[in-house]
Amino acid sequence: MASFSIKQYSDWQTLADKELRQKSLDNIHWQSPEGITIKPVYTADDVSQKPNLPGFPPFTRGPKATMYAGRPWTIRQYAGFSTAEESNAFYKRNLAAGQTGLSVAFDLPTHRGYDSDHERASGDVGMAGVAIDSVEDMKILFNEIPLDKISVSMTMNGAVLPIMAMYIVAAEEQGVEKHRLSGTIQNDILKEFMVRNTYIYPPEPSMRIVSDIIAYTAEHMPKFNPISISGYHMQEAGATAVQELAYTLADGIEYVRTAVDRGLEVDDFAPRLSFFFAIGMNVFMEAAKLRAARQLWAELMQQHFQPKTEKSLMLRTHCQTSGVSLQAKDPYNNIIRTTVEAMAAVLGGTQSLHTNSFDEALALPTDFSARIARNTQLIIRDETELTRVVDPLAGSYYVESLTESLIAEARVLIDEVEALGGMTKAVESGLPKSRIEASAALRQADIETGSATIVGVNKYSLPEEPEIDILAVDNQAVRASQLSKLQHLKGTRTQSACETALQKLTTAAEQGSGNLLSYAVEAARNRATVGEISSALEAVFNRYQATPQMISGVFNKAFAEHKEFDTLQAKIAAFTKAQGRKPKILIAKMGQDGHDRGAKIIASAFADAGFEVLISPLFQLPEEAADMAIKEGVDVIGVSSQAAGHKTMIPSLIESLTGKNAEEILVVCGGVIPPQDYQILKQAGAAAIFGPGTPVIDAADEVMELLIAD
């Protein structure tokens, strides 16, 4: 194929300039958030290599030769809520309606290794996933679901040992031996320290748990994937495509290195590693990201470990459409967003896919919204004919160029991580986390200033928002049910056998001997709970606590020429002059919700505007947040909520402040709070509520008006 000559390209520039009249060519070159310059036209000169064939290293075009023409992707829907009984019924309805695999969402106390009766679990039980306290719950969760036929993906990292153990025991008691089980456990703890924060133990012992699970499954569970190396939560936290790609693969290299260092042969486990990526709205960038991931992984594995089988070079991935792209305003637009993102995942060659429901910016999905999300995949699979052709974007000058650019840019970050001593050391340094948080702040500033258009939010917005039916979970009823089950379990098990099994687990952790998953399985058989197994390890490993940090300067720069920001800063300056100090706000995260992107963005924006900002440690109790606010002498507590615990946590916080004679401290809240709950929170004493999509300038201005009025 002939390349374009310099004269031909010059002629095109002249034509484009004429067509665009007043616009210069500089304005139609776009700098993506990844730092990649996107040109208005691509030619063969922009591509340095021809695409390889699918099914062959480096697998750029797909891990299988026939891809969807031979077998379509697995349709999974990530779901779980309330009790095991409720979730089981939901799973069975979805399987009957065409879903082909299960993907389990656990509630936050389960993630963090707390039983439902723990004081730190109270507001989160059953709210953002299903509550699992014991093998008995796990058996109910998969009741009448044949675990030898249905693959199960479980998003679990912190309490990965008890959950994996209980899944194995539940299957045994269903009559399914562990070697017949298929599916994936996420088991990706490094990304928890970077973005999602549902860790329990420090990095070093956490990595031992990861390698023990890899070793156990290599020996006993040949059809089960022991780890799903996840970039999804990085993108949700604000990472660019390059950051998500680089840090995910760097995590993968670290896990492989850890397993090899403990004596495992790379070819014994590497073919069963899987990956998990988010798919956002930049269609071709996301498709290219999956292509780049496959090629780069094959190259990195060959470079570092020289495996003997090609299967060890093969990257297979699950994908999920973006949660952060979902908007609470004009929410039916989310159906379109999810469809676009699902198409991008399919064009990129994912092996399985979850499509988010349109109402998830407000609450858990209803049966109605989940059906639309599932049918989105069915329509793409069965009506578009996309499954007829392998990698239909191959040979596209644009997509091939993007693939090469992503590989090159990701290598820079991966080399930086390796220079620090690998991903565990990089995580301990805080570098990836700070990079991602800076990207998140920049993205939010672009939305706030209108540089990035979000239809229905900062452009083309409705004069009045539609009312959406939401799925409401009765937290107190679920917790009461779980407490009753726990009481029955502890009253009927053989206590001495349970205690003996737990002591063996603690001893193994202390001495560094044996396989921790093997000991956890024994404890689960003897009806030890998630909390008890986690505590048996915590006695040796301790519980990890991160130090919150804040990005500064992004919003000052972004709003340099915005009158609204100048007006806000003038109000803050007037308050500061009158009071002799800056207005002071505590940004609080309560309960077991570790998603802190929103909290960090609010903290950065308020600090740039002129507030004195404190960020609470994650996972506070309401009383602890109240004590911190009083001790620090703040004017306002800003509560960030994403996991539906607001109806319990916020009233408890206000009650605690009142009980400590500190009712003068204002409480405002924001995040994933459905409008149906606003009145409840206002009656409890919340001074203001900021739903998803509220501009940070507007939120800061309203807080200042409250302080001035007060």
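In what follows, the structure referred to is the one given above.
For the structure given in this document, a descriptive report is provided here. (Residues numbered from 1 in each chain as written. Predicted model: local features only at pLDDT ≥ 70, side-chain atom pairs only at ≥ 80, totals over all residues. Heavy atoms only, no water.)

Notes on the packing of helix H6 (residues 160–174) against helix H8 (residues 203–220)
Viewed as axis vectors pointing N to C, H6 and H8 meet at an angle of 20 degrees, and their least axial separation amounts to 10 Å. As far as their axial angle goes, H8 and H6 are roughly parallel. Only Ile-209, Ile-213, Tyr-216 and Thr-217 of H8 make contact with H6, whose side of the interface consists of Val-160, Leu-161, Met-164 and Ile-168. Taken together, the residues of the contact of H6 with H8 break down into 7 nonpolar, 1 polar and no charged. (Axes fitted to C-alpha atoms, helices over the stretch in contact; angles between N-to-C directions. Helix = DSSP H or I, 4+ residues; strand = E, 2+ residues; numbered from the N terminus. Parallel < 35°, antiparallel > 145°, perpendicular 65-115°, else oblique. Contact = heavy atoms within 4.5 Å. Nonpolar A, V, L, I, M, F, W, Y, C, P; charged D, E, K, R; others polar.)

Structural notes on the layout of surface pockets
Space inside the second largest pocket adds up to approximately 1100 Å³. Lining the second largest pocket are 42 residues, with Arg-71, Thr-74, Asn-225, Arg-316 and Gln-351 positioned closest to its centre. Contributions of two or more residues to the lining of the second largest pocket are made by helix H2 (67–70), strand E3 (74–79), strand E5 (152–154), strand E6 (183–185), strand E9 (274–279) and strand E10 (317–321). (1 Å grid on protein atoms, 1.4 Å probe; cavity = no way out; pocket = protein on both sides within 12 Å on 5 of 7 lines; lining within 4 Å. Points joined across faces, edges and corners; volume = space filled by probe spheres on them.)

Overview of the environment of Asp-188
One can find Asp-188 in the loop between E6 and helix H7 (189–196). Accessibility expressed as a relative area gives 0% for Asp-188, which makes it buried. In sequence terms Asp-188 and Asp-251 are 63 residues apart; their C-alpha atoms lie 8.2 Å from each other. Not counting chain neighbours up to four residues away, the residues in contact with Asp-188 comprise Asn-157, Ile-227, Ser-228, Ile-229, Ser-230, Asp-251 and Tyr-255. (Buried < 20%, exposed > 50% of the residue type's maximum accessible area, 1.4 Å probe, protein only.)

A short note on the sheet that holds strand E4 (residues 101–104)
Across the sheet, which stays open at both edges, the 9 strands sit in the order E7-E6-E5-E4-E3-E11-E10-E9-E8 with parallel pairing between neighbours. Each of the sheet's edge strands pairs with one partner strand only, and the pair in question is strand E7 (224–225) and strand E8 (228–230). Bridge count between E3 and E4: 4 bridges; the pairing is parallel. Residue pairing for E4: Ala-79 is matched across the bridge by Val-104. Contacting E8 and E9, helix H10 (residues 241–261) crosses the sheet at an angle of about 165 degrees to E9. Sheet contacts for helix H12 (residues 283–305): E9 and E10; angle to E9, the most-contacted strand, approximately 160 degrees. (Pairing = 2+ DSSP bridges.)

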